[in-house]
Amino acid sequence: MSLNYKVKKTDKVIIFGHKGLIGSALLKELNRRKYKKILSVSKKKLNLLDQNKVNNFFNQNKPNVVIIAAARVGGIYANKTFPFNFLYENLMIQNNIIGASIKYKCKKLIFLGSSCIYPKKWSRPFSESDLNMSNLEKTNEPYAIAKISGLKLCETYNRQYNKDLPKLITIIPPNLFGPNDNYDIKNSHVLAALIRKFKIAKLNKLKKIEIWGTGKPKREFLYSEDAASLIIDLMEVSEKKIFKFTKGKFSHINIGFGEDYKISDLVKKLIKISGFKGKIIYNTNYPDGVKRKLLSIKLLKKISPSSFSNIIKKKSKFDYYIKKEYLNFSKDTIKKFEKNSTYNLPI
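All figures in this text were calculated on a predicted structure; none of them were measured in a lab. (Residues numbered from 1 in each chain as written. Predicted model: local features only at pLDDT ≥ 70, side-chain atom pairs only at ≥ 80, totals over all residues. Heavy atoms only, no water.)

**Some words on the overall build of the chain**
Let me state the cut-off plainly: Helix and strand assignments follow DSSP, with helices taken as H or I runs no shorter than four residues and strands as E runs no shorter than two, numbered in order from the N terminus. With C-alpha atoms as the basis for the radius of gyration, the globule rule is written as 2.2 Å multiplied by the number of residues raised to the power 0.38. Relative accessible area decides the class of each residue, using a 1.4 Å probe on protein chains only: under 20% of the type maximum gives buried, over 50% gives exposed, and in between gives partly exposed. Should any heavy atoms of two residues lie within 4.5 Å, those residues are counted as being in contact. Under the convention used here, a 1.4 Å probe and the Shrake-Rupley method define accessible areas, while residue burial counts only the protein chains that appear. Note that His is not counted, nor are the chain ends; the positive residues are Lys and Arg, and the negative ones are Asp and Glu. Every charge is mapped to an atom, namely NZ of Lys, CZ of Arg, CG of Asp or CD of Glu.
The helix and strand tally for the chain stands at 13 helices and 13 strands. For a compact globule of 347 residues, the expected C-alpha radius of gyration is about 20 Å, and the chain comes in at 20 Å, within 12% of that figure. Each principal axis of the C-alpha atoms in the chain carries an extent, and together these give about 60 × 40 × 40 Å. Expressed as a percentage of its 347 residues, the buried residues of the chain come to 54%. Pairs at least 24 apart in sequence give 83% of the contacts found in the chain among residues at least 6 apart. When the accessible area of the chain is evaluated, it comes to approximately 16600 Å², of which 52% is carbon and sulfur surface. Considering the chain, the positive charge centre built from 69 side chains and the negative charge centre built from 27 side chains are found 2 Å apart.

**Focus on the pattern of salt bridges**
Threshold: We define a salt bridge as a contact between a side-chain nitrogen of Lys or Arg and a carboxyl oxygen of Asp or Glu at a distance within 4 Å.
Here the structure, examined in full by the defined rule, presents 16 salt bridges. Residue R33 is joined to D233 by a salt bridge in which the shortest nitrogen-to-oxygen separation is 2.7 Å. Here R33 is found in the loop between α1 (21-32) and β2 (37-41), whereas its partner D233 is found in helix α7 (residues 224-236), with 200 residues between them in sequence. With respect to burial, R33 and D233 carry one shared label: buried. The closest approach of N and O atoms between D226 and K314, which form a salt bridge, is 3.0 Å. Note that D226 is positioned in helix α7 and K314 in helix α11 (residues 305-314), a separation of 88 residues in sequence.

**Description of the environment of Y183**
Within the secondary structure, Y183 is located in the loop between β6 (175-177) and α6 (190-204). Classification of Y183 as buried rests on a relative accessible area of 6%. Sequence-wise, Y183 and G215 are 32 residues apart; in three dimensions their C-alpha atoms are separated by 19 Å. In contact with Y183, not counting residues within four places along its chain, are S188, A192, I195, R196, E325, F329, T333 and F337.

**Points about the side chain of S114**
Residue placement: S114 occurs in the loop between β4 (108-112) and α5 (141-161). Non-local contacts of S114, meaning those with residues more than four positions away in its chain, are made with Y143, K147, I172 and P173.

**Examining the sheet that holds strand β3 (residues 65-68)**
We count it as follows: Criterion used throughout: strands pair if DSSP finds at least two bridges between them. Between N-to-C directions, angles span 0 to 180 degrees; the directions come from axes that are lines fitted to C-alpha atoms, helices contributing only their stretch in contact.
Strand order in the open sheet formed by six strands is β2-β1-β3-β4-β5-β10, with parallel pairing between adjacent strands. This sheet does not close on itself; its edge strands, each paired only once, are β2 and β10 (252-254). Across the sheet, the axes of successive neighbouring strands diverge by a mean angle of 20 degrees, strand direction being ignored. Two elements, strand β1 (residues 12-16) and β3, share four bridges in a ladder whose sense is parallel. When the sheet's bridge partners are listed, I15 is paired in β3 with I67. Its contacts with the sheet put helix α2 (residues 51-61) on β1, β2 and β3, and the angle it makes with β1 is roughly 155 degrees. Running over the sheet, helix α4 (residues 83-103) touches β1, β3, β4 and β5 (168-172) and is turned about 175 degrees from β3.

**Some points on the packing of α6 against helix α9 (residues 263-274)**
Note the following rule: By the definition used in this description, the sense in which the near helix is turned from the far one sets the handedness, with an anticlockwise turn below a right angle giving left-handed and a clockwise turn giving right-handed.
For the pair α6 and α9, interaxial distance at closest approach is 10 Å and the crossing angle is 35 degrees. Between α6 and α9 lies a crossing of right-handed hand. Taken together, the residues of α9 that come into contact with α6 (itself represented by V190, L191, L194, I195, F198 and K202) are I263, L266, V267, L270, I271 and S274.

**Side note on the nonpolar core**
Buried together is how nonpolar side chains tend to be arranged in soluble globular proteins. Put simply, the test is: Among buried residues, those of type Ala, Val, Leu, Ile, Met, Phe, Trp, Tyr and Cys that are joined through side-chain atoms within 4.5 Å constitute a nonpolar core.
Of all hydrophobic cores here, the largest spans 37 residues; its most connected members are I22, L26, I67, M235 and I255. Counting residues per element, this core draws most heavily on α7, which supplies seven residues. When neighbours within four sequence positions are excluded, I255 is seen to be in contact with I171, I172, P173, P174, L222, A227, L230, I231, L234, L295, I297 and L300.

**Quick word on the packing of α7 against α11**
Where we set the bar: Here roughly perpendicular refers to angles of 65 to 115 degrees, roughly parallel to angles under 35, roughly antiparallel to angles over 145, and oblique to all remaining angles. By the convention adopted, Pro, Cys, Tyr, Trp, Phe, Met, Ile, Leu, Val and Ala count as nonpolar, Lys, Arg, Asp and Glu as charged, and the other residues, Gly among them, as polar.
Two elements in contact, α7 and α11, have axes separated by 10 Å at closest approach and are oriented at 175 degrees. Comparing the axis directions of α7 and α11 gives the class roughly antiparallel. Taking contact as the criterion, the partners of D226, L230 and D233 in α7 are, on α11, S307, I311 and K314. Of the residues that constitute the contact of α7 with α11, the class distribution is two nonpolar, one polar and three charged.

**Points about the sheet that holds strand β13 (residues 292-293)**
Two strands in a sheet stick together by hydrogen bonds in their backbones, pointing the same way (parallel) or opposite ways (antiparallel). Overall, mixed pairing links the three strands, which are arranged β11-β8-β13 in an open sheet. Because the sheet does not close on itself, it has two edges, and the strands there are β11 (261-262) and β13. Strand direction decides the pairing type here: strand β8 (residues 218-219) and β13, joined by two bridges, are parallel. Paired with K218 across the two strands is R292, which belongs to β13.

**Describing the pairing of strand β7 (residues 208-212)**
Going residue by residue along β7, you find I209 and I211 tucked away on one face and K208, E210 and W212 left uncovered on the opposite face. Sheet analysis places β7 next to strand β12 (residues 279-283), joined by five bridges and oriented parallel. Across the sheet, I211 pairs through a bridge with Y282, a residue of β12.

**Considering the pairing of β4**
Rule in force here: Crossovers are described as right-handed under a simple rule: with the strands pointing away from the observer, the path leading from the first strand over the helix to the second runs clockwise.
Across the five residues that make up β4, a large majority, five, are buried. Direction of pairing for β4 relative to β5: parallel, over a ladder of four bridges. Bridging from a neighbouring strand, L109 pairs with L168 of β5. A crossover links β4 with its parallel partner β5, the connecting element being α5, and its sense is right-handed.

**Comments concerning a positive patch on the surface**
For clarity, the cut-off: Like-charged residues are merged into a patch within 9 Å and nonpolar side chains (Val, Leu, Ile, Met, Phe, Trp, Tyr) within 5 Å, provided each residue has over 30% relative accessible area and no salt bridge.
The grouping of K6, K241, K244, K247 and K249 at the surface amounts to a positive patch. Relative to the assigned elements, K6 resides in the segment before β1.

Structure follows, in structure tokens:
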């Protein structure tokens, strides 16, 4: 990997996980920006858990830029039920891709992390320097450990082989939602789960909706297409510019709006959007998870002021985005996730 490479529109860019929530948004954004050589591969054609197959793919295709959006993901239920898979599979996927990217001399790599890497209890928004690898939320600890491991692989490579210049970058988004979200009843994240509950209640004229937990935790959200725009912005920033602000101390960057909402606030928004007139029941037998998970975006503002300015303008569209996804959720969406509701495990 050469020092201080700046991405070009003629570079061959590969997105792993291109059919998922953020992967599909990244594919759309790269096409919008007229990147000329965009690669993708389905998990049916390439098993990312198989190191030899991943290496062979890199040897045959020789991408210049790699984006890792592929991962084993899910909500609280899935994390609690399949902790081994969340740790093992994510470690294997990211290790294989990062290893092959280095072996076949890719020029830049973007690894998508998660806000769950930060401690469970914190009194202020998480800045990049707050990563201390302790006091993780137990409900998704295996997933968090895997993501921290990927982050540290990127960071230590930059330190050891790239003079601390961030050739391998980890992007930390908040909770994402948008087109191609996972609406499975047991494996979806909080906003997708709420949209599903309210739409099903509306379609079936239900008199009550059960919400898992107390409704008191606060979460930050970002529309997937806005997240994709920020990620590609940062991909296009030179390594020297990023180094100017990180000083080589870390290689991860938070993205988001810098504002969070109570789960109960989301419920109120969906009551208004859906016109639901029934009863809301908070089932406190289910865990809340972390009480608050807000990211500081001060570093983003320094590295890419225009990106920061653009995303702040989008903050006012949050309710619009929720309404858009609620309206797009249909009976066909329900059938799709009922048909594929089995949580497939490769091992």
